Amino acid sequence: MKTMRSRIAAAAATSAVSLALAVGVATPAAADADYDNYWFGCNYDSSNTFKFRLYYNSNLGGDYRNIGYAVYDFDSVANGTSYGPLTFCGFKSAGSGQHVKNNAASARNTHSSYFGYLYYNSGYKGASDIVWGTVNQLDATYNNNASFQWKS
């Protein structure tokens, strides 16, 4: 009887892992990157590892959000207990507290080795803006941005 319970428990665990992979649940590494983007993306310190910054307004104006790691969907980011949207940091300027998804107008990339790709759709799909340096107004993703990733 004990062996049968062990087999059932093992089968259930295997099924749960298979189901998680099939529905695209974030891997622990992706969840850690989401967590860092969610909680540490408002640090202004220029020495931090968050080298990509989105701004609510054109010409690097309004509120901002720093991004350090790829984001599959700006509206569904692991925050440690659930999933929620990335928002602009809340420094009482234009865009304060607004969702980042479909609200960014300009961007800056200070990374010395990677281009920042900002995508129109979630999942790194659709039209994109490639950001190296400062972009005073996004073109293909102006107020229509849903995901981000680094590329060399």
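Parameters at a glance
- Residues numbered from 1 in each chain as written.
- Predicted model: local features only at pLDDT ≥ 70, side-chain atom pairs only at ≥ 80, totals over all residues.
- Heavy atoms only, no water.
- Helix = DSSP H or I, 4+ residues; strand = E, 2+ residues; numbered from the N terminus.
- Contact = heavy atoms within 4.5 Å.
- Areas by Shrake-Rupley, 256 points an atom, 1.4 Å probe, with all protein chains shown as cover.
- Buried < 20%, exposed > 50% of the residue type's maximum accessible area, 1.4 Å probe, protein only.
- Pairing = 2+ DSSP bridges.
- Axes fitted to C-alpha atoms, helices over the stretch in contact; angles between N-to-C directions.
- Core = buried A, V, L, I, M, F, W, Y, C linked by side-chain atoms within 4.5 Å.
- Phe/Tyr/Trp six-rings, centres within 6.5 Å; stacked < 30°, edge-to-face > 60°.

Across its full length, the chain carries two helices and nine strands. Along the chain, from the amino end to the carboxyl end, the secondary structure elements read α-α-β-β-β-β-β-β-β-β-β. The contacts in the chain between residues at least 6 apart in sequence include a share of 63% that link residues at least 24 apart. For the chain, the exposed surface amounts to about 8,500 Å²; the carbon and sulfur share of it is 54%.

Structurally, the position occupied by Asp73 is in the loop between strand S2 (61-67) and strand S3 (77-78). You can call Asp73 buried: its relative accessible area is 18%. Those residues in contact with Asp73 that lie beyond four places of it in its chain are Lys101, Ser122, Ala146 and Ser147.

With that out of the way, let us pick up the sheet that holds S2. One open sheet holds the four strands; their spatial order is S2-S1-S5-S8, and the pairing between them is antiparallel. One side of each edge strand has no neighbouring strand; the edge strands of this open sheet are S2 and strand S8 (133-135). Pairs of neighbouring strands in the sheet enclose a mean axial angle of 15°, with direction left out of account. Pairing of strand S1 (residues 52-57) with strand S5 (residues 106-109) involves four bridges; the strand directions are antiparallel. Bridge assignment links Arg53 to a residue of S5, and that residue is Arg108.

All right, on to the sheet that holds strand S9 (residues 147-151) then. Read from one edge of the open sheet, three strands run S7-S6-S9, paired in antiparallel fashion. The open sheet has two free edges, formed respectively by strand S7 (125-131) and S9, since each of these has just one partner strand. Averaged over neighbouring strand pairs, the angle between their axes works out to 30° when direction is ignored. One ladder, built from five bridges, connects strand S6 (residues 115-121) with S9; its direction is antiparallel. Looking at S9, one finds that Tyr119 is bridged to Ser147.

Further remarks concern the nonpolar core. Membership of the largest hydrophobic core comes to 17 residues, with the highest contact counts inside it found for Phe52, Leu54, Ile67, Phe74, Leu138 and Phe148. At the level of elements, S1 and S9 are the ones that each hand at least two residues to this core. Discounting chain neighbours no more than four positions away, the residues touching Leu138 are Ala104, Ala105, Ser106, Ala107, Leu118, Asp129, Val131 and Asn145.

Here we take up the packing of aromatic side chains. Counted according to the given criterion, the structure contains 14 aromatic pairs. Each ring, one from Tyr35 and one from Trp39, has its centre 6.3 Å from the other, and the planes form 50°; the classification is tilted. Taken as a pair, Tyr35 and Trp39 lie in helix H2 (residues 28-40) at a separation of four residues, close to a single helical turn. On the basis of relative accessible area, Tyr35 is assigned to the partly exposed category, the value being 35%.

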